[in-house]
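Geometric and topological summary
Here is how the chains run, residue by residue.
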Amino acid sequence: MEQLKSHGKWSGKWTFILAATGSAVGLGNIWGFPYMAGTNGGGAFVLIYLACILIIGLPIMMAEIVIGRRASSSPVNSMKSAALDSNRSSNWQLIGWGGLVAGILILSFYSVLAGICINYIFISALPDLQLSSEEQFSITTSSASNLLIWHTVFILVTAGVIASGIKNGIGRFVRVLMPLLGFILILMVLNAVINGDFLRGLQFLFSPDFSQVNPQTFLSAMGQAFFSLSLGMGAIMTYGAYMSDDQKILSTSITVGGLDTLVALMAGLAIFPIIFASGLEVNSGGVGLVFITLSQTFETMFLGQVFGPLFFILLVIASLSSSISLLEPSVAYFSEKNIISRKSAAFIFGFLAWFLGIGSVLSFNILSDFQLLGDRTILDSIVFIGNNLLLPLGGLFVAIFVGWFMKKELIQEQLQLSDGFLNTWYFFIRFVAPIAVGAILITQI
Ligand code: PFF
């Protein structure tokens, strides 16, 4: 293969763990998982979710790291190198290309949502008590220029961190901010223990109701596990490319998957008890849960003007550490080919995501009635293409390629597992993961 420019490596084992955990922990953990668990059978859902992380998520995460680390390059070139070294067609690099496209698409709406979170740091610090939280949210989102400003700020910070490089940009960012994220989350849980209806929160999240479990529960759990671990678009593959050769892939993946799940559970324990204590009910996830229900809770809660902004800072850190991993694969590809510098690539592709994000901005206001795919707004259509189609498709092909087409020696060189573990991993990546991810894909369409 042609000579590619080297990106360098993470400084230290923990930097990979923090970066990959940063990618994994995002809006999905904080406003997605807890609501899904609470309304889909509580503890029963949590158990199914854990099983999905273990038997589908971790094997695919390991496969992505194997491909990335052996070539130390972007998903496109890592896939190409793995395919050529296994005497397969270089067309397998299309999986890498799909990842770059998915990353930019997902970043385009993720940034708009994260931008609203930045805006809410200020809104929750100085709430206008004349307005209900619904009115406040509607005023905030009905102004396209307001959303555009925060979307711009978010993309600029994302591109700025990436432009500073692997060690001094992303590495330094996650080493400082991920521990801060953990600290804020612990504070929020403590607050929920002291000021919230903690027992009811625990019950909502964990008391198992197996009568609610149906085939759809399994699909939701698989989809959520997949999105939450940032699989299927080369984010983890790219981060794996900067991982040192002596780091163990199995134990590192278990650590990342464990931390991601821990954050999702803690987010539920931070959120639900305070909502219940203020006499409100949980009737939606996502945007409604955070900007309406929780915002109303902060308005009346003891020290709400401190915990409100803290919570939104938590969301912003979580989304920034994810957005970086959405943009990095494209930047890695164009800078390693020496087509443009890392700095230019960061801002050019950041601009592209920003531009596409305008469609999501307008979905909240001027174009809220405009339907793109079926009855979906522009925002919902991009979410659908990125999350529901491209991610599972990427994951499916990674599993098929690694399980059936890549040379075993190349894989074992990276994994260095005992025979028993290697065979177990092969079983999951060859059979279980493709069937499960294929099922998610078919039912989404
Ligand atoms: N894992 C992130 C979340 O749970 O919010 C979302 C995400 C980030 C998906 C990066 C994919 C990705 F590459």
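Residues numbered from 1 in each chain as written. Predicted model: local features only at pLDDT ≥ 70, side-chain atom pairs only at ≥ 80, totals over all residues. Heavy atoms only, no water.

In the vicinity of the ligand lie 15 residues, with Ala24, Gly28, Tyr110, Phe227 and Met233 positioned nearest. Gly28 has a polar backbone atom sitting 2.9 Å from an oxygen atom of the ligand. For the ligand, whose accessible area on its own is 340 Å², the fraction buried by protein is 100%. In this structure, the ligand is accommodated by the largest cavity. Of all the secondary structure elements, the ones that give two or more residues to the shell around the ligand are α1 (13-24), α2 (27-39), α10 (215-228) and α14 (304-336). (Near = heavy atom within 4 Å. Polar contact = N/O pair within 3.5 Å; in protein donor to acceptor, adjacent residues only side chain to side chain. Areas by Shrake-Rupley, 256 points an atom, 1.4 Å probe, with all protein chains shown as cover. 1 Å grid on protein atoms, 1.4 Å probe; cavity = no way out; pocket = protein on both sides within 12 Å on 5 of 7 lines; lining within 4 Å. Sits in = over half its atoms within 2 Å of the grid points. Helix = DSSP H or I, 4+ residues; strand = E, 2+ residues; numbered from the N terminus.)

A separate point is the pattern of salt bridges. Evaluation of the coordinates by the stated rule reveals three salt bridges. The shortest N-O distance in the salt bridge between Glu328 and Arg342 comes to 2.9 Å. Separated by 14 residues along the polypeptide, Glu328 in helix α14 and Arg342 in helix α15 (residues 342-363) bring together distant segments of the chain. Residue class for Glu328 comes out buried when judged on its relative accessible area of 0%. (Salt bridge = Lys/Arg side-chain N within 4 Å of Asp/Glu carboxyl O. Buried < 20%, exposed > 50% of the residue type's maximum accessible area, 1.4 Å probe, protein only.)

With that out of the way, let us pick up helix α4 (residues 75-85). In terms of residue burial, α4 counts as a mostly covered element, since nine of its eleven residues are buried. Listed in full, the buried residues belonging to α4 are Pro75, Val76, Asn77, Ser78, Met79, Lys80, Ser81, Ala82 and Ala83. Those residues of α4 that are buried lie in contact with α3 (43-71), α5 (94-125), α11 (235-241), α14, α16 (378-405) and α17 (408-415). Just past α4, the residue Asn87 takes up positive phi, approximately 55°. (Contact = heavy atoms within 4.5 Å.)

To continue, consider the packing of helix α8 (residues 166-195) against α14. The N-to-C vectors of α8 and α14 enclose an angle of 145°; their axes lie 9 Å apart at closest approach. Where α8 crosses over α14, the two elements pack in a sense that is left-handed. Between α8 and α14, the contacting residues are Ile166, Ile170, Phe173, Leu177, Met178, Leu180, Leu181, Ile184, Leu185, Leu187, Met188 and Asn191 on the first element and Phe307, Leu310, Phe311, Ile313, Leu314, Ile317, Ala318, Leu320, Ser321, Ile324 and Glu328 on the second. When the residues that make up the contact of α8 with α14 are grouped by side-chain class, the tally is 20 nonpolar, two polar and one charged. (Axes fitted to C-alpha atoms, helices over the stretch in contact; angles between N-to-C directions. Left-handed = near helix turned anticlockwise from the far one by under 90°. Nonpolar A, V, L, I, M, F, W, Y, C, P; charged D, E, K, R; others polar.)

What the largest pocket holds in volume is close to 770 Å³. In terms of lining, the largest pocket is formed by 29 residues, of which the most central are Met36, Gln224, Val383, Asn387 and Asn388. Among the secondary structure elements, those contributing two or more residues to the lining of the largest pocket are α2, α5, α10, α13 (286-300), α16 and α18 (419-444). Grouping the constituent residues of the lining of the largest pocket by class yields 16 nonpolar, twelve polar and one charged. (Points joined across faces, edges and corners; volume = space filled by probe spheres on them.)

Phe311, Phe312 and Trp425 are the most contacted members of the largest nonpolar core, which has 158 residues in total. Filtering out sequence-adjacent residues up to four positions away, Phe311 remains in contact with Ile30, Met188, Ile271, Val290, Leu294 and Phe298. (Core = buried A, V, L, I, M, F, W, Y, C linked by side-chain atoms within 4.5 Å.)

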